[in-house]
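# Remarks on the overall topology
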Amino acid sequence: MSRIKRWINMNKKEFNPDGTLKQEAREEMLSSGMSNEAIDDYALRLKQEYDEWKHLDETDPEPWPIYTAYDFFTSEEKQQFNPDGTLRAEYVEEALRKGISENWLEEMERRKKIEVDNYNAVSAKHAEQGINFGEEQMQERIASSKTYGQRLEQMQQDLRNFEDTDSLPFDKDTPYW
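In this report, the structure presented in the accompanying data block is examined. Quantities reported herein were computed from a predicted structural model and do not represent experimental measurements.

Glancing now at the environment of D164. If you trace the backbone, D164 turns up in the segment after α7 (133-160). A C-alpha to C-alpha distance of 43 Å links D164 and A95, two positions 69 residues apart in sequence.

See the structure below:
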């Protein structure tokens, strides 16, 4: 989303959506002993910041990659489900042939649709605040996957050093790519 939305969200207690100081905030500052000059200086500095962020949004918008719930499905889930959480017809046919009950398939679909709806709701709520929820989730995943590899490497080193297998983060037979 935009920088200005984040600015507004961060400063909504004291400032209006146009970057001007709210009268109630001014009165509260006066009652706490701040001088008019100090308040004006504070309001001016934040209004300048507001104008700068607004200008940046207009001239150099931040990238906003769009991630859907489907981007976070496992490869197995992508074979089973459509992006909206409904089961794929070919998966349903195959599952029924294997003896999986229709009730269980309906339950799987119901749960996945709820998961997708929840992701969409959280993503929309965060976007209102200028936060790209999907991007945050993806960055978390990327960081976790790097950590996983690093832990595997460390485990290999620990095994070479004859560390106690109880202290290892994974089973010693965990495949190492």
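Now, onward.
Bringing helix α1 (residues 3-11) into the picture now. All buried positions along α1 are accounted for by R3, I4, W7 and N11. Considered in projection along α1, the buried side chains sweep an arc of 95 degrees and stay on one side of the axis. Where α1 is buried, its residues meet α3 (36-59).

Here the focus is the packing of α1 against α3. Here α1 crosses α3 at 155 degrees, and the two axes come no closer than 8 Å. Taken together, the axes of α1 and α3 lie roughly antiparallel to each other. Each of R3, I4, R6, W7, I8, M10 and N11 in α1 lies in contact with α3, whose residues at this interface are L46, E49, Y50, W53, K54, L56 and D57.

Our next topic: the nonpolar core. Within the largest apolar cluster, 14 residues are counted, with the highest numbers of intra-cluster contacts made by F73, L87, Y91, L105 and M108. Contributions of two or more residues to this core are made by α5 (89-97), α6 (102-128) and α7. Non-local contacts of L105, meaning those with residues more than four positions away in its chain, are made with L87, Y91, V92, A95, L96 and I100. Among the nonpolar cores identified, the runner-up in size contains ten residues, and M29, A43, L46 and Y50 belong to it.

Once that is clear, we can look at the packing of α5 against α6. Orientation of α5 relative to α6, taken along the N-to-C sense of each, is 145 degrees, at an axis distance of 10 Å. You can see that α5 and α6 cross each other, and the crossing is right-handed. In this structure, α5 uses Y91, V92, A95 and L96 to contact α6, whose residues at the interface are E102, L105 and M108. The residue inventory of the contact of α5 with α6, partitioned by class, reads six nonpolar, no polar and one charged.

This part takes up the packing of aromatic side chains. All told, the structure shown has eight aromatic pairs when counted by the stated rule. Look at Y67 and F72: their rings are 6.3 Å apart centre to centre, the planes differ by 55 degrees, and that puts the pair in the tilted class. A relative accessible area of 14% places F72 in the buried class. Members of the aromatic cluster, joined through ring pairs, are W7, F15, Y42 and Y50. When the ring centre of Y70 is taken as reference, the NZ or CZ atom of K78 above it lies at 5.2 Å. Its end group placed over the ring of F81, K112 keeps NZ or CZ at 5.4 Å from the ring centre.

The rules behind these values
Residues numbered from 1 in each chain as written. Predicted model: local features only at pLDDT ≥ 70, side-chain atom pairs only at ≥ 80, totals over all residues. Heavy atoms only, no water. Helix = DSSP H or I, 4+ residues; strand = E, 2+ residues; numbered from the N terminus. Buried < 20%, exposed > 50% of the residue type's maximum accessible area, 1.4 Å probe, protein only. Arc of directions from axis to C-beta. Contact = heavy atoms within 4.5 Å. Axes fitted to C-alpha atoms, helices over the stretch in contact; angles between N-to-C directions. Parallel < 35°, antiparallel > 145°, perpendicular 65-115°, else oblique. Core = buried A, V, L, I, M, F, W, Y, C linked by side-chain atoms within 4.5 Å. Left-handed = near helix turned anticlockwise from the far one by under 90°. Nonpolar A, V, L, I, M, F, W, Y, C, P; charged D, E, K, R; others polar. Phe/Tyr/Trp six-rings, centres within 6.5 Å; stacked < 30°, edge-to-face > 60°. Lys NZ or Arg CZ within 6 Å of the ring centre and 35° of its normal.

Nothing here speaks to function; it is geometry throughout.
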